[in-house]
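# Survey of secondary and tertiary structure
Spelled out from the first residue to the last, the chains are:
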Amino acid sequence: MNKVDVVIIGGGPAGLSAGLILGRARKQTIVIDEGRPRNAVTREAHGFLTRDGISPGEFRRIAKEQLRVYPSVSQVEDTVVSITGEDGYFLLETATGMMIASKKLLFAVGMKDRKLGIPGLAEVYGKSAFVCPYCDGWELRDEPLVVISRGAALMHFAPLLSGWTKRFVVCTNGPDELSEAERDELRDHHIPLFDTPIRAILSNEGMVNHVVLEDGTEIPCTGIFFKSELVPGTDLPQSLGCRISDTGGIAVDEFGKSSVPGVYAAGDASSLMHQSIAAAASGALAAAAINGELNREAWQRIQ
């Protein structure tokens with residue numbers, strides 16, 4: 001039985017950043033990660049000061065190397081399959097049979113994509129099809145693009161994307177879920193709108209060149225932005241009783257504290273700002289809050 005102060009579930013930017021803070025705070029910490037990051041499809045990560053353009057794999061390699069400086073931090077490639085207990089004594093079991101007792105938990109599990117569902121989209125995802133213009137808009141600036149989205153999400157995304165390029169076409173892949181006023185708004189901005197289902201995305205070595213609709217319409221483009229369908233990386237927070245937000249993430253306060261005492265969350269698991277730098281920042285903040293809570297508890301025990 002391993003006994004530690006904190007178990008961090010998830011080894012992306014949020015989890016690794018939290019591990020660094022807790023390691024420097026001399027807390028016995030285990031970072032457990034299954035080794036299947038969502039951004040593994042991406043060649044480069046952007047918007048992270050001093051690391052702009054780094055590959056996700058290289059980012060993790062550097063982070064893990066820096067964590068090894070701190071003897072109180074262990075890193076394990078495994079999957080947590082069950083958690084019982086309460087604040088001060090959570091009992092975790094992993095897929096390999098490891099048993100861990102931990103005083104606090106930090107979920108940094110991120111989100112996972114549902115199956116993409118459009119023929120050809122998987123081949124271009126992370127190469128010429130993306131979900132976030134803050135991450136990849138610069139590389140596609142002023143290029144002819146296709147946006148695959150609909151409804152309220154589309155009407156939020158279209159004005160946002162227009163800061164990078166105004167040369168885009170919208171494909172809703174079925175009913176557009178828009179009001180007539182919203183359709184007029186797109187027309188006023190000279191944005192073509194197609195609600196015919198998509199038959200296929202054509203590409204060459206991951207670089208998209210056409211989106212083909214069921215009626216045979218071919219739309220040339222050099223890139224795609226699409227609204228991905230996300231699900232939580234694990235249902236373990238729900239099994240512990242954590243409140244889940246309307247967007248499907250773990251509901252937390254400004255310090256990453258969930259509705260269950262002793263349980264925290266950081267990164268994409270608890271935020272709509274799905275960027276590496278934001279995840280790392282939230283991981284650091286949650287780790288500091290966890291460390292402060294552990295220190296206060298230890299202080300009070302000797303009074």
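These notes cover the structure that comes with them. (Residues numbered from 1 in each chain as written. Predicted model: local features only at pLDDT ≥ 70, side-chain atom pairs only at ≥ 80, totals over all residues. Heavy atoms only, no water.)

## Notes on the overall build of the protein chain
Along its length, the protein chain carries eight helices and 17 strands. When burial is assessed residue by residue, the protein chain has 46% of its 303 residues classed as buried. When contacts within the protein chain are restricted to residue pairs at least 6 apart in sequence, those whose partners lie at least 24 apart make up 58%. For the protein chain, the accessible surface area stands at approximately 15200 Å², while carbon and sulfur atoms represent 53% of it. Each charge sign in the protein chain was given a centre, from 30 positive and 38 negative side chains, and these centres are 8 Å apart. (Helix = DSSP H or I, 4+ residues; strand = E, 2+ residues; numbered from the N terminus. Buried < 20%, exposed > 50% of the residue type's maximum accessible area, 1.4 Å probe, protein only. Contact = heavy atoms within 4.5 Å. Areas by Shrake-Rupley, 256 points an atom, 1.4 Å probe, with all protein chains shown as cover. Lys, Arg positive; Asp, Glu negative; His and termini not counted. Charge placed at Lys NZ, Arg CZ, Asp CG, Glu CD.)

## Concerning the packing of aromatic side chains
Per the counting criterion, the structure on display carries five aromatic pairs. Taking 5.8 Å as the distance between ring centres and 50 degrees as the angle between the ring planes, the aromatic pair formed by F157 and F225 counts as tilted. Of the two residues, F157 sits in helix α5 (residues 151-161) while F225 sits in strand β15 (residues 223-226), which places them 68 residues apart along the sequence. Assessed through its relative accessible area of 1%, F225 is described here as buried. Three or more aromatic residues joined by ring pairs make a cluster, and in this case those are F130, F157 and F225. Taking the ring centre of W138 as reference, the NZ or CZ of R141 above it sits at 3.8 Å. (Phe/Tyr/Trp six-rings, centres within 6.5 Å; stacked < 30°, edge-to-face > 60°. Lys NZ or Arg CZ within 6 Å of the ring centre and 35° of its normal.)

## Description of the sheet that holds strand β8 (residues 129-130)
Strand order in the open sheet made by the five strands is β8-β15-β9-β10-β11, with parallel pairing throughout. On the outer flanks of this sheet lie β8 and β11 (193-194), each paired with one strand and no other. Two strands pair when backbone bridges link them, and strand β10 (residues 168-171) and β11 are joined in this way by two bridges, in the parallel orientation. The partner of V170 across the bridge, within β11, is L193. Sheet contacts for α5: β9 (145-148), β10 and β15; angle to β9, the most-contacted strand, approximately 155 degrees. (Pairing = 2+ DSSP bridges. Axes fitted to C-alpha atoms, helices over the stretch in contact; angles between N-to-C directions.)

## Structural notes on the side chain of S102
Along the chain, S102 turns up in strand β6 (residues 99-107). Judged by its relative accessible area of 1%, S102 falls in the buried class. A polar atom in the side chain of S102 sits 3.4 Å from the backbone oxygen of D5. In this view, S102 contacts V4, D5, V6, V7, G88, Y89, F90 and L92; residues no more than four positions away in its chain are not counted. (Polar contact = N/O pair within 3.5 Å; in protein donor to acceptor, adjacent residues only side chain to side chain.)

## Overview of the packing of helix α1 (residues 13-24) against helix α2 (residues 56-67)
One way to put it is that α1 packs onto α2 with a least axis distance of 10 Å and a crossing angle of 20 degrees. With respect to α2, the axis of α1 lies roughly parallel. Note that α1 runs across α2; the crossing there is left-handed. On α2, the residues that touch P13, L16, G19 and L20 of α1 are F59, R60, A63, K64 and L67. Partitioned by chemical class, the residues of the contact of α1 with α2 number six nonpolar, one polar and two charged. (Parallel < 35°, antiparallel > 145°, perpendicular 65-115°, else oblique. Left-handed = near helix turned anticlockwise from the far one by under 90°. Nonpolar A, V, L, I, M, F, W, Y, C, P; charged D, E, K, R; others polar.)

## Let's talk about the environment of A278
Here A278 shows up in helix α8 (residues 276-301). Sequence separation between A278 and A14 is 264 residues; the distance between their C-alpha atoms is 8.2 Å.

## Points about unusual backbone geometry
Although it is not a glycine, R26 adopts a positive phi angle of roughly 65 degrees. Within the secondary structure, R26 is located in the loop between α1 and β2 (29-33). Under the relative-accessibility criterion, R26 is labelled exposed at 72%. For E177, which is not a glycine, the phi torsion comes out positive at approximately 60 degrees.

## What about the nonpolar core?
The biggest cluster of nonpolar side chains holds 21 residues, and the ones touching the most others in it are V6, I8, L22, L106 and I290. Those elements giving two or more residues to this core turn out to be β1 (2-9), α1, α2 and α8. Among the elements that take part in this core, α8 stands out by supplying six residues, more than any other. The contacts of V6, once residues within four sequence positions are left out, are L22, Q28, T29, I30, S102, K104, I290 and L294. (Core = buried A, V, L, I, M, F, W, Y, C linked by side-chain atoms within 4.5 Å.)

## Here we look at the packing of α5 against helix α6 (residues 180-188)
Interaxial distance between α5 and α6 falls to 12 Å at its minimum, and their mutual angle equals 20 degrees. Between α5 and α6, the crossing angle belongs to the class labelled roughly parallel. Of the two elements, α5 crosses α6, and the hand of that crossing is left-handed. On the side of α5, the interface is formed by L154, M155 and A158, while α6 contributes E182, E185 and L186. Considering only residue class, the contact of α5 with α6 consists of four nonpolar, no polar and two charged.

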